[in-house]
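Descriptive structure summary
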Amino acid sequence: MAMGMGLILSTSIISEIGNQNTSLAQSVIGLREYIDTFDGYSFKYPKNWIQVKGAGADIFFRDPFILDENISVEMSSPSSSNYKSVQDLGPPQEAGKKVLKQYLTEFMSTRLGVRRESNVVSTSSRVADDGKLYYQVEVNIKSYANNNEMAVMPKDRVVRLEWNRRYLSVLGVENNRLYELRLQTPENVFVEEENDLRDVMDSFRVNKVTA
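A quick note: this is a predicted structure, and the numbers were derived from the prediction, not measured. (Residues numbered from 1 in each chain as written. Predicted model: local features only at pLDDT ≥ 70, side-chain atom pairs only at ≥ 80, totals over all residues. Heavy atoms only, no water.)

Another point: the packing of aromatic side chains. This model, assessed by the stated rule, comprises 13 aromatic pairs. A ring pair is formed by Tyr 134 and Phe 204, whose centres lie 6.4 Å apart and whose planes are at 65 degrees; its orientation type is edge-to-face. Here Phe 204 lies in the loop between α2 (187-202) and β12 (205-206) and Tyr 134 lies in strand β9 (residues 133-146), a separation of 70 residues in the sequence. Side by side, Tyr 134 and Phe 204 carry an identical accessibility label, which is buried. By the ring-pair criterion, three or more aromatic residues cluster together here, those being Tyr 34, Tyr 41, Phe 43, Tyr 45, Phe 61 and Tyr 179. Here the guanidinium or amino end of Arg 165 rests over the ring plane of Trp 163, the centre of that ring lying 3.9 Å away. (Phe/Tyr/Trp six-rings, centres within 6.5 Å; stacked < 30°, edge-to-face > 60°. Helix = DSSP H or I, 4+ residues; strand = E, 2+ residues; numbered from the N terminus. Buried < 20%, exposed > 50% of the residue type's maximum accessible area, 1.4 Å probe, protein only. Lys NZ or Arg CZ within 6 Å of the ring centre and 35° of its normal.)

This next bit is on the sheet that holds β9. Reading across from one edge, β5-β6-β7-β11-β10-β9-β8 is the order of the seven strands in this open sheet, with antiparallel pairing throughout. One side of each edge strand has no neighbouring strand; the edge strands of this open sheet are β5 (50-51) and β8 (114-127). Examined bridge by bridge, strand β7 (residues 70-75) and strand β11 (residues 177-186) share six bridges and lie antiparallel to one another. Opposite Ser 72, over in β11, you have Arg 182 as the bridge partner. Where helix α1 (residues 92-106) meets the sheet, it contacts β8, β9, β10 (159-174) and β11, and its direction lies at approximately 35 degrees from that of β9. (Pairing = 2+ DSSP bridges. Contact = heavy atoms within 4.5 Å. Axes fitted to C-alpha atoms, helices over the stretch in contact; angles between N-to-C directions.)

A separate point is the pattern of salt bridges. Two side chains of opposite charge can pair, provided their charged atoms sit close to one another. Inspection of the entire model under this criterion finds 14 salt bridges. In this structure, Glu 138 and Arg 166 form a salt bridge, with 2.7 Å as the shortest nitrogen-oxygen distance. Linking Glu 138 in strand β9 with Arg 166 in strand β10, this pair joins segments that are 28 residues apart in sequence. The residues Glu 138 and Arg 166 share a single accessibility class, namely buried. Between Glu 138 and Arg 198 there is a salt bridge whose closest N-O contact spans 2.5 Å. Here the residue Glu 138 occupies a position in strand β9, and Arg 198 occupies one in helix α2, the gap between them amounting to 60 residues. The network of salt bridges with common partners includes Glu 138, Arg 166, Glu 187, Glu 194 and Arg 198. (Salt bridge = Lys/Arg side-chain N within 4 Å of Asp/Glu carboxyl O.)

Turning to the side chain of Ser 81, a few remarks are in order. Residue position: Ser 81 is located in the loop between β7 and α1. Among the residues examined, Ser 81 registers a relative accessible area of 11% and is labelled buried. Reaching out from Ser 81, the side chain makes a polar contact with the backbone oxygen of Ser 77 at a distance of 2.6 Å. Setting aside chain neighbours within four positions, we find Ser 81 in contact with Ser 76, Asn 176 and Arg 177. (Polar contact = N/O pair within 3.5 Å; in protein donor to acceptor, adjacent residues only side chain to side chain.)

In structure tokens, the structure reads:
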């Protein structure tokens, strides 16, 4: 399903789970490859992660210990999109703004006293070994909430950090479709696992589908 300037809207991929015990972060010991020949993409993921069915994405894996660390793939509809290159989104910086806007739309909360702080950490482009151009966007989002929004006195409405996450997206185009690999991880876990998670992002490939 395409939306707006062509980014993919997914409202159910990543739930607003509170911070888990990130001390349970598991170090990656090897990666396993997932290949989807029907839709035309592949990527590697930590071999101890488990697949979750019915998560709203084309494919979804998550860490079994840190519930808000996961990876998924979304695609634009083949009947309503006609992408020729990821450059159809504009330069990487413009794509980054669109990715951030989409995340904020997905995480919009109706709860009183909730505030989000967000920024685009980095944007980049690269030509992978398959000769295709990919964009990578990194976003940080923090969620704050008042412990008692209905309190009369401001001093009784204490703001606390609910979660602090890094979101990494890799965008590629093939088969006239926009593909997006998404990885979500708590910011402190990202610091510990950065090299492994970057290997996961760099492994994403979109492939030609033959009828």
